[in-house]
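# Remarks on the overall topology
These are the residues of each chain, in order.
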Amino acid sequence: MPVMNIIEAVRDALRTQMRQDQRVVVLGEDVGKFGGVFRATSGLHEEFGADRVIDTPLAEAGIIGAAIGMALYGLRPVPEIQFGDFIYPAFDQIVNELAKFRYRSGGQYPCPVVIRTPVGGGIRGGHYHSQSPEALFIHTPGLKVIAPSNPYDAKGLLLAAMRQNDPVLFMEPKRIYRASRGEVPEGEYELEIGKANVVREGSHVTVLCYSGMVSIAEEAAKKAEGQGLSIEVVDLRTLMPFDIDTILASVKKTGRCVVLHEAPKTCGFGAELIAAIQERAMEHLEAPILRVAGLDTPFPYTLEHEYMPNADRLLSTVRQVLEW
Amino acid sequence: MATASVPTSAAPAASGPTAFSYFDLDDEAKARGLFRVLAEDGRAAVSEADLARFDAALCRSIYEGMLRIRVTDARMMALQRQGRTGFYGEATGQEAAVVGSASASLPDDWIVPALREAGVGLYRGLTLDSYIAQILGNGGDVTKGRQLPCHPCDREHHYVVMSSCVSTQVPHAVGIAMAMKIMGHRDRCAFGFMGDGGTSEPDVHVALNFAGVMKSPVVLICQNNQWAISTPTSVQCAAETIALKALGYGIEPLRVDGNDALAVHAAVGYAAAKARRGDGPTFIELLTYRVSAHSSSDDPSRYRDEKITDVWKSERDPMRRMRALGERQGWLAVGEHEAWSAQLEADVRDAITRQEAVPPPALATIIDDVYEQPTWNLREQLAELLAGPRAVSPHQH
């Protein structure tokens, strides 16, 4: 089985689906001849031509607005927003239009657009190349939000996203775009949207995480093992709809939970996860559920390493939960 | 009297006239000029030869479409005043712009409307019952009572849906047109509507830029009714005309007397034919006037001189000049206008009676169509709603 990084897995998913389905088109800034600033669409322009791999003007609202029109007419657009930080000019198009078309048309107009965008910090990118805006979109009825953490999941989930009929925000962890490598099957396979993955079993505490934070949780779990601590790491993979069953099963087993994400803490996705757990499993909890998250600050440049959650911060919080 | 049925296939448009000298002007002259065919008195604005290009069947069809809007809007406003629906935005005084555009569309074209283009949908075959069901938000509404009145959506006739956000729909029209081109559907085009206020929104500029760069088969139509609620066009736009904006995007502009249904039909027909043959987008400013309020929630006497409005209501009224033409040319018999109006009014009243009898949508539909299949959280929330105390609507529509 070939070994790929996340970029290669994303590209492989796009190529696989574009070969199968003429309706799939890619559009965005620099995605054509150049192949994207991260090279995710490299080679697609040569294989599929300018009609299906479209270099657009520099305007996110136009990219998403045009993609919506294409989807209404019958195409299956996969627009790229070059950085998640640049998605806000398209916010109205995504939140008020894309996510609502099926509902407000009474089901007459599904809008199957899959928006790909790189997210997260740790690349010395500063405020405008590092953000994790998932909570804004999870809070948007009508949108599915997917955040893979590794090449295998990225390909399987992207293929699944392009083959279903709802709009998807597909957030790719840019810090580990190339660093995360793994075996990826050639050709076809799909991972079910809405299913989490227990990437490491443990008995003392559950760590809920996704995207670029999964590798941090795994690193912490390895360190903890030597200290007699058993951490269960759950990679949520899909954030909306999130996999409540897998989350509850794990928390009921361990009785303790920490949520880990890069995005600012207040009103972050962790708050929703904690609310959902305590509504359903209060009697199983041995301690409060704590969060390890980014600060409620804009994303900093020089002090990025202090802002970003890391294994030691996670372990420190895990101990608080265990000692409570 | 004439039957109320309209040739919805818009067949006359395909052979619509294009050979007017206005279209030979250079782009800047087009943007600064004003294309007219029919003067206020029902006579030719330029030459009788221009008028001769429009056959009687087309004129009758346009006139009936205009009359239907006027009659329907009046009934809907009355319904709103009686508390039988919550909101209405009428197109009174803009019927020529609406129907002149609709009559230049073909069945395979796609319509992306703004607030005052429901008449385009009605002209293309959206039924009165369906239109009124949406306004009432009843259980028979194809959009399941999910939107404010005046947001009809009719896939069967490629009439997409407006968005109250203003102008967010314009990039959709360009995307639809891009898709037509990509998929090789060369016999059709997309129509994207907006208002004068909407041209201040970034989405319009983004859409114009995309359409220009992509050479999309799209007709972008701005109904300049000179008011965005209380804001006059002078506060939206520093350019001499709105049409001038298209020049900067490499798009051919047209500027048309929007109360002249025949000029609108000819201009939109020219742009649509150009789009369908692969020669790219056109931006059309239709100059008209919002003689009524912005919507049922508005009171224009607080911010504008209604003496000016009175001029647009009387001598500049788009119906009046079409009627004068019809009576002069003989395609509208004496007394036919009244009989036609009465029939249309009866049709509207009958449809209202039928639709007011339809119950509201079932509660369970509230979670449908958020996604193709309701997700677990939606199913859980609906179950909680059904198990808990139920609310009663405070609205007595």
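Residues numbered from 1 in each chain as written. Chains lettered and ligands numbered in written order. Predicted model: local features only at pLDDT ≥ 70, side-chain atom pairs only at ≥ 80, totals over all residues.

## Looking at the environment of glutamate 232 of chain A
Residue and element names in this part refer to chain A. Relative to the helices and strands, glutamate 232 is located in strand β11 (residues 231–235). For glutamate 232, a count of 23 C-beta atoms within 10 Å translates into the label buried. Each C-alpha atom, one on glutamate 232 and one on glutamate 186, is 30 Å from the other, the two residues being 46 residues apart in sequence. Sequence-distant contacts of glutamate 232, that is, excluding residues within four places in its chain, are made with Val198, Arg200, Glu201, Gly202, Thr206, Val207, Ser250 and Thr254. (Helix = DSSP H or I, 4+ residues; strand = E, 2+ residues; numbered from the N terminus. Buried ≥ 20, exposed ≤ 12 C-beta atoms within 10 Å, placed from the backbone. Contact = placed C-beta atoms within 7 Å.)

## What about the domain arrangement of chain A?
All names here are of chain A. According to the domain assignment, chain A contains domain 1 (3–183) and domain 2 (197–323). Computed from C-alpha atoms alone, the centre-to-centre distance between domain 1 and domain 2 is 26 Å. For the side of domain 1 that touches domain 2, the secondary structure elements donating two or more residues are α6 (134–138), β6 (144–146), α7 (151–162) and β7 (168–173). Among the residues forming the side of domain 1 that touches domain 2, the class breakdown is 12 nonpolar, 10 polar and 5 charged. (Domains from an automatic or database assignment. Nonpolar A, V, L, I, M, F, W, Y, C, P; charged D, E, K, R; others polar.)

## Thoughts on the interface of chain B and chain A
Across the contact, 37 residues belong to chain B and 35 residues belong to chain A. With 10 residues, the top contributor of residues to the side of chain B that touches chain A is helix α8 (residues 169–182) of chain B. Here the side of chain B that touches chain A is composed, by residue class, of 21 nonpolar, 9 polar and 7 charged.

## Considering the domain arrangement of chain B
Residue and element names in this part refer to chain B. Considered domain by domain, chain B is made up of domain 1 (11–361) and domain 2 (365–397). Taken over C-alpha atoms, the centre of domain 1 sits 36 Å from the centre of domain 2. Between domain 1 and domain 2, the contact holds 7 residues from the first and 4 residues from the second.

## A short note on the sheet that holds strand β7 (residues 282–287) of chain B
All names here are of chain B. Ordered in space as β1-β2-β3-β7-β6, the 5 strands form an open sheet in which the pairing is parallel. The open sheet has two free edges, formed respectively by β1 (110–112) and β6 (252–257), since each of these has just one partner strand. Ignoring which end each strand starts from, the neighbouring axes of this sheet average 20° apart. The pairing of β1 with strand β2 (residues 190–195) spans 3 bridges and is classified as parallel. What sits directly across from isoleucine 111, in β2, is phenylalanine 191. (Pairing = 2+ DSSP bridges. Axes fitted to C-alpha atoms, helices over the stretch in contact; angles between N-to-C directions.)

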